Amino acid sequence: MFEKDLARMYAYLPVVLSQLAKVNPDAALEIIQDWGDGRKDIRKLWEATINALKDAGTDSDRVSDLELCVRGLKDE
């Protein structure tokens, strides 16, 4: 994974966590705690957040758009 991808993950993680908090606050809190306590690196945090959004039934197009933005394949 490129450094730009990591920078975008750091930039978008709060946005994605906000989305998750609206549909599954417990999962969002757990991920925030993992982040704050340093238990997971950014890639694992991102993956956990995206998977939790998918599991919560969040609009798959919105989740896909966020993933494409992070990978630099779609304009923000």
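Quick notes on helix H1 (residues 3–23)
Here is step 1 of the chain: Here H1 is 21 residues long and its end C-alpha atoms lie 30 Å apart, about the 30 Å a rise of 1.5 Å per residue gives.
Here is step 2 of the chain: Taken as a whole, H1 carries its principal kink of about 40° at Tyr 12; the proline Pro 14 stands between one and four residues after it.
Here is step 3 of the chain: Within H1, the full set of buried residues consists of Asp 5, Leu 6, Met 9, Tyr 12, Leu 13, Val 16, Leu 17 and Leu 20.

Re the nonpolar core
Here is step 1 of the chain: The biggest cluster of nonpolar side chains holds 18 residues, and the ones touching the most others in it are Leu 13, Val 16, Leu 20 and Trp 46.
Here is step 2 of the chain: Among the elements that make up this core, the one with the highest residue count is H1 (seven residues).

Describing the pattern of salt bridges
Between side chains of opposite charge, a pair can form as their charged atoms come close.
Here is step 1 of the chain: In this structure the tally under the stated criterion is three salt bridges.
Here is step 2 of the chain: Across the pair Lys 40 and Asp 34 runs a salt bridge whose closest N-O atoms are separated by 3.4 Å.
Here is step 3 of the chain: Classification of Asp 34 as buried rests on a relative accessible area of 8%.
Here is step 4 of the chain: The residue Asp 37 makes a salt bridge to Arg 39 at a minimum N-O spacing of 2.9 Å.
Here is step 5 of the chain: What emerges from the salt-bridge pattern is a single network uniting Asp 34, Asp 37, Arg 39 and Lys 40.

Details of the confidence of the model for the chain
Here is step 1 of the chain: For the chain, per-residue confidence averages 85 on the pLDDT scale, and 80% of positions sit at 70 or higher.
Here is step 2 of the chain: Averaged over each element, pLDDT in the chain is lowest for helix H4 (residues 60–70) (69) and highest for helix H2 (residues 25–37) (97).

With respect to the side chain of Thr 49
Here is step 1 of the chain: Topologically, Thr 49 is positioned in helix H3 (residues 42–55).
Here is step 2 of the chain: Within the structure, Thr 49 has its side chain in polar contact with the backbone oxygen of Leu 45 (distance 2.7 Å).

Remarks on H3
Here is step 1 of the chain: Taking 1.5 Å as the rise per residue, H3 with 14 residues should run 20 Å; its terminal C-alpha atoms sit 20 Å apart, in good agreement.
Here is step 2 of the chain: For H3, every residue scored as buried is listed here: Ile 42, Leu 45, Trp 46, Thr 49, Ile 50, Ala 52 and Leu 53. An end-on view of H3 places all buried positions within 160° of arc, on one side of the element. Away from its buried face, by an angle of more than 90 degrees, H3 presents the exposed residues Lys 44, Glu 47 and Asp 55.
Here is step 3 of the chain: Looking at the residues trailing H3, positive phi occurs at Gly 57, about 80°.

Looking at the packing of H1 against H3
Here is step 1 of the chain: Between H1 and H3, the shortest axis-to-axis distance is 9 Å and the interhelical angle comes to 30°. As H1 packs across H3, the resulting crossing turns out to be left-handed. Contacts from Leu 6, Met 9, Tyr 10, Tyr 12, Leu 13, Val 16, Leu 17, Gln 19, Leu 20 and Val 23 of H1 reach H3 at Ile 42, Arg 43, Leu 45, Trp 46, Thr 49, Ile 50, Ala 52 and Leu 53.
Here is step 2 of the chain: A class-by-class count of the residues in the contact of H1 with H3 yields 15 nonpolar, two polar and one charged.

Cut-offs applied
The numbering scheme is per chain: residues are counted from 1 as the chain's sequence reads. This being a predicted model, a pLDDT of at least 70 is required before a residue's local features are given, and a value of 80 or more before pairs of side-chain atoms are given or counted; all residues contribute to the totals for chains, interfaces and linings. The side-chain values count all of the structure's non-hydrogen atoms but skip hydrogen atoms and water molecules. By the criteria applied, helices consist of DSSP H or I runs no shorter than four residues and strands consist of E runs no shorter than two, each listed in order from the N terminus. One less than the residue count of a helix, multiplied by 1.5 Å, gives the span that helix is expected to have. In this scheme, the bend at a residue equals the angle between the axes fitted to the seven residues that finish there and the seven that begin there. Type-normalised accessible area, obtained with a 1.4 Å probe on protein chains alone, sets the label of each residue: buried when under 20%, exposed when over 50%, and partly exposed for intermediate values. Among buried residues, the Ala, Val, Leu, Ile, Met, Phe, Trp, Tyr and Cys ones that are joined through side-chain atoms within 4.5 Å form a nonpolar core. By convention in these notes, a salt bridge is any Lys or Arg side-chain nitrogen within 4 Å of a carboxyl oxygen on Asp or Glu. pLDDT measures how confident the predictor is about each residue, on a scale from 0 to 100. Polar contact criterion, stated in full: a pair of N or O atoms within 3.5 Å, where within protein one must be able to donate a hydrogen and the other to accept it, and residues adjacent in sequence count only if both atoms are side-chain atoms. Here the arc refers to the directions that run from the helix axis out to each C-beta atom. Helix axes use the C-alpha atoms of the stretch in contact, all axes being lines fitted to C-alpha atoms, and the angles between their N-to-C directions lie in the range 0 to 180 degrees. Left-handed describes a crossing in which the near helix is turned anticlockwise from the far one by less than a right angle; the clockwise case is right-handed. Contact definition: two residues touch when any of their heavy atoms are within 4.5 Å. Under this grouping Gly is polar, as are all residues other than the nonpolar Ala, Val, Leu, Ile, Met, Phe, Trp, Tyr, Cys and Pro and the charged Asp, Glu, Lys and Arg.

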